[in-house]
Structures are given as C-alpha cells and as structure tokens.
Amino acid sequence: MAKKDIEPELKHEDKIVSLDTQLEAVRKLPDMFIGAIGNPGFMNMIREIVQNSLDCIAKGYTNNKDIIVSYDAITHTVIVEDNGPGVDPNDLVKAFGTLYSSSNYNKQAGSGNYSSGKNGAGSSITNFLSRFYTVESRRMDGSTGKVEFIEGVLSSKGLQKLKPIPGKHGLMTIFAPTAMMGEITVTPEMVGNMLWEQCHIYPIGCRITYNSIALNGNKNSVIIENHDGLNEMLATLCHKPLIKPIRFSNDDGSRAVDISLCYDLDDMGEPIILALANMCHVDALESTHVIGTTNALIKFFRDYMNKVYIPSTRNKKLVINAQDIRTGLRGVITCKSLTPLYSGQSKNLYTEKEMEDYAYNVTLSSIDSWAKNNSTELQKLCRYFKDVCEIRSNVENQKVKLSNNYQSSAIGGDPIKFKKPVNRNKGEWELWLMEGDSAAGGFQNERGPKTNIGLMPLKGKIKNPFTTPPKTLFENDEIAGITKLCGYNGYTGKKFDPELFRPGKVVFATDAD
C-alpha cells in the first residue's frame, strides 16, 4: 500500500479521543445523557430525583407515601425529601458519584419489581450536571451520612455523619443546575404540572407536598394527592365523556399495562393520548405500547361495527374505518417492563417491540370482555361511531371543500388538528402556532396534563395580506382556523373587536419564513 493511502487513515485515528472520567463524559455531551440542555434537561433532572423517591413507595420499601419537593425559581434550587429506607452511608459516594451503580441490575424475571430507572445513571447524571449536589441519608438502623459534590466533584469533607433524629429515615437531595445547562426559566407551575403527573402514575395514596418560590418572591405550598390514579388523569383530557372510562390492566411479572380510555363529546378531533412508560412521559404517537393499544382498539370496534352493528341498521352501506374509531378518543396508556427500552436517557420514546404485542393482546381481550359486560355503554359507543362515519361519508359524497387539517369539529367547532388546552377561559390560555403536525405532536407531549397551552399546527404558505382581498384571505384554511380560535367568525367587513379576543397570548413557534 502506498504511503499516501495510509496517511489519511492515520490522521483519522489521531482524532479519536478518550475521556478520562465519567464526569468529563457527561459534561462533554450533556444532551446525550439527559436529553437536552436548558429547561427540558433541567426538568429531566428534577424528574429523575423525584422518581427515585416515588420508586421507594412503588416497591413497598416504605409505608409512608409522602414526599416533599421544594423549588426556588430564583436560584433554581431543588430539594426532594422522602421517607424511604435511605442509602447505606458507605455507599453514598458510589451511588451518587458514579454511573451504572444500581439495584436495577438485580431484577429477577417475573418479579414485577418495576421502577422508573433503567441503568442507575439518573442520580449521578443529575449530580454531574449540577452546580452543587448534596445527599443526606438516614437509615432505619440509626446510621447516617452526608456527601456534598461541587460541580460533580466530591468535596474535601468526604463522608460526613449527621445527628440522628428519632423516627426519621429517608433521603434528602439538594441540587441546582450547573451553568453549562444553559438558560433556565423553569417556573413553579412547570414543576407542579410534572409533579401532578408523576404522583398520579404511582400507587393510589401517594402524596407530594410541593413548596415553591416564584421569581417575584411569592411563596406557595400545595398538596398533590393521588385519589383515583389514571382516571383522574383522563378527566383532564376528556371534558364531556360519552361513556364511563374503559379501564383495564394486566401484569405478567415481566411486563404490565394500565390503561384508561374514553371518548370526548366536546371535541370530535384527533386522539389525545397521555403515554407513560415505567412512570416516564413518552411520545404518544410512536411509542410501542400506544401503537399496540390503539391498533387493538381499532381492530375490535371496526370488526364489530362492520360485521355486527352496521348490518343491523338501515344504512347498511356504511363502512367504518380506522379514523372513525380514532375520532374523539382520549386515553391514558401506561406500561411497565423489567427491561424497558427507550430512545435515550431522556426517555422520550418507548421502543420495546414485545410491549407492542403485549399491549395489543391485552387490549383486544379486555375490550372484548368489556363489550360483553357493558351493553348499554357499548350501544352508546356504536351509535357514536355510526354518526362519525355518516358525517365523514356525507362530506366525501357531497365533495365539500374541507381541509384535512382545519375542518371544524362536528361538536366543538374547533379545527380538528387543534390540541386543546385544559383551561379555555378568556385571557388565561396561550395559542401556539406550530410549524406542521410533527412539531405540534412533539410539543404536545411536553405540555403536561393541566396545560394552558393550545397548539395549532400550520401547513403551507399563507397568502400575502397586502395584495390579497380581505374576503379571499379569510377563506384560507389556516387563517380561518386561527381567527376561529381567537374568538372571531371569519371576515365580516367590520373592524375586529379586541374585547372578543380569547387567548391571553399568541406564540409563533414557526420557522423564520
């Protein structure tokens, strides 16, 4: 081989760099380990520590289901306190100062010992990305310990002893993000929404006392308690339920699903799904347990409608399709696995193929059982699917010009692709205009269940308002959808009345063009 052929390879090898420490690796690529920098990454850091405390409750390590979370929006300091068993003081440095040290590696098949963690990295990653990180541990046997890290490095104080407090046991973790996490503008409301969601996917009876300090110095304290689990979460998505929630679950010791479904008469739009995997909020469009659940739901009801219900009606030519079954669907779909598979440490996408098959089979069996034991509710749902199908068929047959993105809901009147906020009170919600379905879909999963943000995906180019006649301009699907959401009914030839304007804020989350 000629020398000139070898030289490029040598130059490439020279570029390979090995990082000497775990701390250096995490700080070199923080987004790879925590999912992102800025607010999303910081929220993931908070979630990691909160879930560690809630996992103690879920695993039965403590009978006390209370934890305390404090957040100071001025200093971005977070404090999480629990009543769990604590950590052996001699293991504190290893548990919080190194990656991949966790009881999660000791799970037995069929044990049902599920947790939010996967590889034991969450706490240590949070430490490595914190300006300071302190852990205090009090054990039931009276042993205590405290370790402090500064910028991920153990302080010279080493392991410290604490004065025992009779009857007190558990962990207290205190931290704040390092400067390399970028600009942090996380509000107490953002943390509160995340805590509400987390509390309601853990055992019923879990309670979080949440103390916060806002940027203006105002202090607030609320108690978040899980009274009815998934059904409470579903109630935030379904404002006018057609039927009682269809609730079912299954656990084989290695995998589990817990699902609550309903249909919303307030908005016959696209499905709104809250998806969680091992207690982590994940993408509701592409996560495998959601795909398995919705495919089974469509399979059962499409077959039942086309083979049983429709032939018994006068309009035997109707054919129910998948979109008819999806219309108005609301659901909370959760899964757990001893060996969860995510797209990364940020846990935004659940990818375990076996879970898709498991969720499909459980859903198909459960819906069949539900239908046999709830004939009245089943008939309501069948009439609803038939009505949806007739509306769709009439639109198609009459060749009515309707945009697939912005045709109005038959009941709510909103554009179909509009992702509604929970609160629509005048001046109390935000309208976000998004660049396409993919952007809106991704952001929808970050809003939280008690959001005041409504998402409107845009498609195509809007005509030039300086050269287009007003009447023609307002016939544009995008403009018609936006003006409807803002509280107006299209072009009237009159000046817009600002008193009718509904959102408190409009955010243009689009490309520059």
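Up top is the structure.
Below, the structure is looked at part by part. Every value quoted in this text rests on a predicted model; they were computed, and no experiment measured them.

Restricting attention to buried positions, one finds in helix α15 (residues 477-485) the residues E478, I479, G481, I482, T483 and L485. Buried residues in α15 make contact with β14 (430-435), β15 (453-458) and α14 (470-473). Within two residues after α15, G487 carries a phi angle of roughly 110°, on the positive side.

Scanning the entire structure with this criterion turns up 16 salt bridges. As a salt-bridge pair, E151 and R27 come within 2.6 Å of each other at their nearest N and O atoms. With E151 in the loop between β4 (144-150) and β5 (153-154) and R27 in helix α2 (residues 22-28), this residue pair connects regions lying 124 residues apart in the sequence. Of the charged contacts, one joins D264 and R330 as a salt bridge, the two residues approaching to 3.8 Å between their closest N and O atoms. Linking D264 in the loop between β10 (255-263) and β11 (272-277) with R330 in strand β13 (residues 329-337), this pair joins segments that are 66 residues apart in sequence. The burial state of D264 is the same as that of R330; both residues are buried.

This part covers the nonpolar core. In globular proteins that are soluble, nonpolar side chains generally tend to be buried together. Of all hydrophobic cores here, the largest spans 103 residues; its most connected members are F42, I46, L195, Y263, F301 and L381. In terms of residue count, helix α4 (residues 38-58) provides more of this core than any other element does, eight residues in total. In this view, F42 contacts Y71, H76, V78, F175, P177, M181, I184 and V186; residues no more than four positions away in its chain are not counted.

Now for the pairing of strand β2 (residues 77-81). Of the pairings in the sheet, the one linking strand β1 (residues 66-72) to β2 comprises five bridges and is antiparallel in character. By the bridge assignment, D72 is partnered in β2 with T77. Connecting the antiparallel pair β1 and β2 is a turn made up of four residues, with H76 showing a positive phi of about 60°. Where β2 and strand β6 (residues 170-177) come together, four bridges link them in antiparallel fashion. Bridging from a neighbouring strand, V78 pairs with F175 of β6.

Our next topic: the pairing of β10. Of all nine residues that make up β10, seven are buried, and the element is covered over most of its length. With six bridges joining them, strand β9 (residues 246-251) and β10 adopt antiparallel strand pairing. Residue pairing across strands places I246 opposite L261, the latter belonging to β10. Between the end of β9 and the start of β10, which pair antiparallel, lie three residues, with G253 showing a positive phi angle near 95°.

Here three strands make up an open sheet; going across it, the order is β15-β14-β16 and the pairing parallel. Unpaired on one side and paired on the other, β15 and β16 (505-509) mark the two borders of the sheet. Looking at each pair of strands side by side, their axes are set apart by 20° on average, direction ignored. Where β14 meets β15, six bridges bridge the pair, whose relative direction is parallel. In the sheet register, L433 faces β15, and the bridge partner there is M456. On top of the sheet, α15 reaches β14 and β15; it is set at about 170° to β15, its chief contact.

As a further point, take the sheet that holds β6. With respect to topology, eight strands assemble into an open sheet ordered β5-β4-β3-β6-β2-β1-β7-β8, the strand pairing being mixed. The sheet is open, and its two borders are formed by β5 and β8 (219-225), each paired with just one other strand. The sheet contact formed by strand β3 (residues 130-138) and β6 spans eight bridges and is antiparallel. Looking at β6, one finds that Y133 is bridged to F175.

About the thresholds
Residues numbered from 1 in each chain as written. Predicted model: local features only at pLDDT ≥ 70, side-chain atom pairs only at ≥ 80, totals over all residues. Heavy atoms only, no water. Buried < 20%, exposed > 50% of the residue type's maximum accessible area, 1.4 Å probe, protein only. Helix = DSSP H or I, 4+ residues; strand = E, 2+ residues; numbered from the N terminus. Contact = heavy atoms within 4.5 Å. Salt bridge = Lys/Arg side-chain N within 4 Å of Asp/Glu carboxyl O. Core = buried A, V, L, I, M, F, W, Y, C linked by side-chain atoms within 4.5 Å. Pairing = 2+ DSSP bridges. Axes fitted to C-alpha atoms, helices over the stretch in contact; angles between N-to-C directions.

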